[in-house]
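Structure at a glance
Chain residues, written in single-letter form:
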Amino acid sequence: MAKQEAAVIVSGAERQYQATWVKKVFRQKYLFLMISPAVLLTVLFHYVPLFGWLIAFKNYQVGINLWKAPWIGLQQFKMFFMESTDYIYLIRNTLVMNLSVIFLNLTVALVFAILLNEVRQKWFKKIIQTVSFFPFFVSWVIVYAIIHALLGSSTGAINVSLIKLGILEQGINVLGDKAYSWLLVIFVQGWKYLGYNAVIYIAAITSISSEQYEAADMDGAGRFKKIWHITVPNLMPTFIILLILNIGWVLNSDFDLFYLFTNPTNWETMEVLDMYIYKFGLKLGNFSYATAVGIIKTIVSLIVVIAANQLSKKMTGKSLL
């Protein structure tokens, strides 16, 4: 009897919970209706295409019915890791550039936002913020044209000026020399995304309670101490969340950037996984191999996000979930 009564109580609690949940959903039906187009587009363009992963396990060729293509299992995955050494320089280039970009971008943007917040002239602050945010809206084609106009080995404005001043005998081939590839990518991406990342930090700064700064003033704290003991600690949760979100893209690269800046003389240090997938998939028509590499990249990215989230939760108590 006791067990039956307990079962009745549990079932009653479950029904009450379900009823409450339904009421909450119905009460917020307009909010769910508003986000439904975004959810539909996400499912349509991000989850439905996952069925295409089947190509990696079949010897697929254009014009052949996917379901009738021969099954080859993990052959393409074995080819990438065992029969080819491409993964060595691909993973090296991808990780070095993307990790450097993530950490430097977030750190520099954090410092920039703090310094910008200390500017007392509002009109000057708005100008700086607008100028720093503008590159985010510039396409990579325009960015490449600007970099080429400035750093071109023979016609670039900087090289030409240095040669005329007698500082250089000949222009430095920044766009073609593989020794400069990583620094170039890190610099260009940092310049482009500085304003965007800074806006997130500035929004976080505005949410800091003014009472903390007033208490610090009463204790006689200077500007630097208030930044170090109030602003920075309050920005750390935002930094951690941005780091976790960005770390999931550690194997994804700005395709437009690498497509434009990669050339026959620097491909060894510029070719990343996305360019490799493009080369084998669209240029060489080996869709099965390209899909297999894409699957590897996605799975590793997912593992990295989960690991970073769990590590952050244990070390700082901050996480996405």
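The structure presented is a predicted model; accordingly, all values stated were derived computationally and were not measured.

1. Digging into the environment of Val 101
Looking at where Val 101 falls in the secondary structure, it is placed in helix H4 (residues 86-117). Each C-alpha atom of the pair Val 101 and Phe 80 lies 26 Å from the other, and the pair is 21 residues apart in sequence.

2. Concerning the pattern of salt bridges
Taken as a whole, this structure holds six salt bridges when the rule is applied. Residue Arg 223 is joined to Glu 118 by a salt bridge in which the shortest nitrogen-to-oxygen separation is 3.2 Å. Placement of the pair is Arg 223 in helix H10 (residues 223-247) and Glu 118 in the loop between H4 and helix H5 (122-133), with a sequence separation of 105 residues. For Arg 223, a relative accessible area of 44% puts it in the partly exposed group. A salt bridge links Glu 271 to Lys 279, with the nearest nitrogen and oxygen atoms 3.1 Å apart. Look at Glu 271 and you get buried, because its relative accessible area is 7%. Since its relative accessible area comes to 25%, Lys 279 is described here as partly exposed. In this structure, a network of salt bridges that share partners links the residues Glu 118, Arg 120 and Arg 223.

3. Quick notes on the nonpolar core
In terms of nonpolar packing, the biggest core is built from 37 residues, with Phe 80, Leu 106, Tyr 201, Leu 235 and Tyr 276 touching the most fellow members. At the level of secondary structure, the elements contributing two or more residues to this core comprise helix H3 (75-81), H4, helix H8 (181-206), H10, helix H13 (273-283) and helix H14 (287-315). Here this core gets ten residues from one element, more than from any other, and that element is H4. Discounting chain neighbours no more than four positions away, the residues touching Leu 106 are Asn 197, Tyr 201, Phe 239, Leu 242, Leu 243 and Asn 246. With 18 residues, the next largest nonpolar core counts Met 97, Val 185, Val 272 and Met 275 among its residues.

Parameters at a glance
Residue positions are counted from 1 within each chain, in the order its sequence is given. With pLDDT at 70 or above as the cut-off, local features in this predicted model cover only qualifying residues; side-chain atom pairs require 80 or more to be listed or tallied, and sums for whole chains, interfaces and linings still use all residues. Side-chain numbers come from the whole structure's heavy atoms, not from hydrogens or water. Counting from the N terminus, the helices are the DSSP runs of H or I reaching at least four residues and the strands are the DSSP runs of E reaching at least two. For this document, the term salt bridge refers to a Lys or Arg side-chain nitrogen within 4 Å of an Asp or Glu carboxyl oxygen. Exposure classes here rest on a 1.4 Å probe applied to the protein chains alone. A residue is buried below 20% of its type maximum, exposed above 50%, and partly exposed in between. Residues belong to a common nonpolar core when they are buried Ala, Val, Leu, Ile, Met, Phe, Trp, Tyr or Cys residues joined through side-chain atoms within 4.5 Å. Note on contacts: a residue pair is in contact if any heavy atoms of the two residues lie within 4.5 Å.

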